[in-house]
Amino acid sequence: MGPSGPAYFFVNGSNQPPTQAKETKKAADIDTVTKLIRPAVDGQGYELVDLVFRRELSGNVLRLFIDRLPGQGFVSHEDCTKVSREVSALLDVHEVLPGAYNLEVSSPGVERPLKNSEHFQRFCGQRAKVRLRMDAKQTWKGLPPPKGDAAPQRNFVGAIESVVESGTGAVVKFKDDTVGEVTLFVSEIEKANLIYPY
């Protein structure tokens, strides 16, 4: 079984009528939503790993990914249900999302996203995929120069070795399968996730 267990999820529709989704032009402020939701998730003893609000075929969806704290096992369906009820009540009171939406709460799954230096630190020794931003200048300074007209390397696959705080922010010591040991600045990482050892 992978580091985050099976991906249970619980879906809870909002109490807002669907017609409101067509009447409003207001965009969702994800920072505001996160600041509202995170204390409620933390207060129940879970970690809010990620939050996504998007338009899908079925309508607007707010998708939360939660995890248990280290050493507390895997997220269950009951955990997702518990968090969903608390978050749904908060959102109905504060109305920070435009129109109607569905709320989904799930575990991050076996290929858990890595969003900050604490996540990398927690999973030292495990394999991961990392993609850098287009302007990852600090990281590229420490990499071998690209050959010819090739663009600097942005994608890495390998093992997380350690996390170190530097004068310019947290860096991940990473052993890439192709180029070997590299230093990746967390602030320049666009996307990262664990790799499940199938």
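Structure shown above.
Here the structure is a predicted model, which is why all the values come from computation and not from measurement.

### Points about the packing of helix 2 (residues 30–43) against helix 3 (residues 77–94)
Stage number 1. At a minimum axis separation of 10 Å, helix 2 and helix 3 run at an interaxial angle of 150°. Regarding the angle of helix 2 to helix 3, the classification is roughly antiparallel. Judged by the sense of rotation from one axis to the other, the crossing of helix 2 with helix 3 is right-handed. When helix 2 is examined against helix 3, the residues L36, I37, A40 and V41 are found in contact with a partner set consisting of V83, E86, V87, L90, L91 and H94.
Stage number 2. Considered class by class, the residues forming the contact of helix 2 with helix 3 number eight nonpolar, one polar and one charged.

### Some details on the side chain of D50
Stage number 1. With respect to the secondary-structure elements, D50 resides in strand 2 (residues 46–56).
Stage number 2. Given a relative accessible area of 17%, D50 falls into the buried group.
Stage number 3. Not counting the four nearest positions on each side in its chain, D50 is found in contact with R63, L64, F65 and K115.

### Section: the sheet that holds strand 6 (residues 155–166)
Stage number 1. What the five strands build is an open sheet, ordered 8-7-6-5-9; its pairing is antiparallel. Two strands in the sheet have a free side with no partner beyond their single neighbour: strand 8 (180–185) and strand 9 (189–194). In this sheet, adjacent strand axes meet at a mean angle of 40° when their direction is disregarded.
Stage number 2. Sheet topology places strand 7 (residues 169–176) next to strand 8; six bridges connect them, and they run antiparallel.

### Focus: the nonpolar core
Stage number 1. I37, V41, L62, L64, V87, L91 and L97 are the most contacted members of the largest nonpolar core, which has 23 residues in total.
Stage number 2. Every element with two or more residues in this core is listed here: helix 2, strand 2, strand 3 (59–68), helix 3 and strand 4 (102–106).
Stage number 3. Excluding its chain neighbours within four sequence positions, the residues that come into contact with L62 are V33, I37, L51, V52, F53, L91, L97, Y101, N102, L103 and E104.
Stage number 4. Counting 21 residues, the second-largest nonpolar core is a separate cluster that includes F123, W140, F174 and I189.

### A few points about helix 2
Stage number 1. Helix length check: helix 2, at 14 residues, gives a terminal C-alpha distance of 20 Å against a target of 20 Å (1.5 Å per residue), a fit within 8%.
Stage number 2. Largest kink in helix 2: about 30°, centred on I37, with the proline P39 one to four residues after it.
Stage number 3. The complete set of buried residues in helix 2 reads V33, T34, L36, I37, A40 and V41.
Stage number 4. Next to the buried residues of helix 2 lie strand 2, strand 3 and helix 3.
Stage number 5. Its side-chain oxygen placed 3.2 Å from the backbone nitrogen of D31, D29 serves as the N-cap of helix 2.
Stage number 6. Phi for G45, located one or two positions after helix 2, is positive at around 90°.

### Some remarks on the environment of S84
Stage number 1. By the element assignment, S84 lies in helix 3.
Stage number 2. Each C-alpha atom, one on S84 and one on E104, is 7.4 Å from the other, the two residues being 20 residues apart in sequence.

What counts, and where the lines are drawn
- Residues numbered from 1 in each chain as written.
- Predicted model: local features only at pLDDT ≥ 70, side-chain atom pairs only at ≥ 80, totals over all residues.
- Heavy atoms only, no water.
- Axes fitted to C-alpha atoms, helices over the stretch in contact; angles between N-to-C directions.
- Helix = DSSP H or I, 4+ residues; strand = E, 2+ residues; numbered from the N terminus.
- Parallel < 35°, antiparallel > 145°, perpendicular 65-115°, else oblique.
- Left-handed = near helix turned anticlockwise from the far one by under 90°.
- Contact = heavy atoms within 4.5 Å.
- Nonpolar A, V, L, I, M, F, W, Y, C, P; charged D, E, K, R; others polar.
- Buried < 20%, exposed > 50% of the residue type's maximum accessible area, 1.4 Å probe, protein only.
- Pairing = 2+ DSSP bridges.
- Core = buried A, V, L, I, M, F, W, Y, C linked by side-chain atoms within 4.5 Å.
- Expected span 1.5 Å × (residues − 1).
- Bend = angle between axes of the 7 residues up to and from the residue.
- Polar contact = N/O pair within 3.5 Å; in protein donor to acceptor, adjacent residues only side chain to side chain.

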